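# Architecture and fold: a report
Residues per chain, in single letters:
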Amino acid sequence: MNTEKVTARRLTAEQVSELGLQDGIFVSAEMDDLPLDCFAPAFLTEPGKNFEGGSFAVRTIFGKEIHVLPDNVEERGIWIADKTGEEVEVLKSAGVLLNLALFVPDGNRDSLDALYGAARDAFGAGIVQRWSEEAVAVPDVKIDLYEEPARGRKNNPQSRDRRALDIYPTRVRFLEPSDGWKFVVEPHKEVVDDTPTI
């Protein structure tokens, strides 16, 4: 966990009500009810003067929205950077969560383990983790993907746009057609250039 020491002070609900959307604050960094003993950079979801009842909605830089009662001594409250305050620990940076779908030709357990091992070697054993794994056998074929208007004459090549040629069917699962269009999938055909040459 990458953290840094920041000098900050805790705000009262009255002080928070004077803040705007651009004011950087710090709130508890707990994630998914997992308490972390540090703070996360955050911003109010709307100007402080718009909140009522002493509860403020904030969004951390990690995209998590939480409600905080600054005057509740049982909560960790809302903090702001201040040289006259006390030293607190703040999460410094965020990583990137990648959800990967990998196609492994002739994939078996050994090749998947080798792929997983290579990723751990590249990024660190504590970084790369298998959260869920779905091993699905797919035919090692390629297709051509086109789009055509969702309404109109069917099988009209003139109204068809090329979306992707020479791709695997599994990739289509992660694509969405353009608005008002639908996908047309055909077996891949090699493009033969029969232009006469001199």
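Just above sits the structure.
Attention in this report is confined to the structure presented alongside it. Bear in mind that the values here come from a model prediction, so they are computed numbers and not experimental data.

Basis of the calculations
Residues numbered from 1 in each chain as written. Predicted model: local features only at pLDDT ≥ 70, side-chain atom pairs only at ≥ 80, totals over all residues. Heavy atoms only, no water. Core = buried A, V, L, I, M, F, W, Y, C linked by side-chain atoms within 4.5 Å. Buried < 20%, exposed > 50% of the residue type's maximum accessible area, 1.4 Å probe, protein only. Helix = DSSP H or I, 4+ residues; strand = E, 2+ residues; numbered from the N terminus. Contact = heavy atoms within 4.5 Å. Pairing = 2+ DSSP bridges. Axes fitted to C-alpha atoms, helices over the stretch in contact; angles between N-to-C directions. Patch = residues over 30% accessible without salt bridge, like charges linked within 9 Å, V, L, I, M, F, W, Y side chains within 5 Å. Areas by Shrake-Rupley, 256 points an atom, 1.4 Å probe, with all protein chains shown as cover. Salt bridge = Lys/Arg side-chain N within 4 Å of Asp/Glu carboxyl O.

With that out of the way, let us pick up the nonpolar core. Core analysis: the largest hydrophobic core is formed by 16 residues, its most contacted members being Val58 and Ile78. Mapped by element, the contributors of at least two residues to this core are helix H1 (13–16), strand E2 (25–28), strand E3 (39–44), strand E4 (56–60) and strand E5 (65–68). Beyond its immediate sequence surroundings of up to four residues, Ile78 is in contact with Arg9, Arg10, Leu11, Val16, Ile25, Phe26, Val27, Phe56, Val58, Val68 and Pro70. Of all hydrophobic cores here, the second largest spans seven residues; its members include Val6, Phe26, Trp79 and Val90.

Reading across the sheet, the three strands line up as E9-E8-E10 and stay open at both edges, with antiparallel pairing between neighbours. The strands lining the two open edges of the sheet, one partner per strand, are strand E9 (161–167) and strand E10 (181–187). The sheet shows a mean angle of 20° between the axes of neighbouring strands, direction not considered. Pairing between strand E8 (residues 143–149) and E9: four bridges, direction antiparallel. What sits directly across from Tyr146, in E9, is Arg162.

A few words on unusual backbone geometry. Positive phi is not limited to glycine here, since Asp166 has a value of about 65°. With respect to the secondary-structure elements, Asp166 resides in strand E9. Note on Asp166: relative accessible area 36%, which makes it partly exposed.

This next bit is on a nonpolar patch on the surface. A cluster of nonpolar side chains, contributed by Val96, Leu98, Leu100, Leu102 and Leu115, occupies part of the molecular surface with about 570 Å² of accessible area. Structurally, Leu100 can be placed in the loop between strand E7 (86–91) and helix H2 (109–123).

On to the environment of Val141. Tracing the sequence through the fold places Val141 in the loop between H2 and E8. When the C-alpha positions of Val141 and Ile167 are compared, they lie 8.4 Å apart, and in sequence the two are 26 residues distant. Look past the residues within four positions of Val141 in its chain and what remains in contact with it is Ile167, Tyr168 and Pro169.

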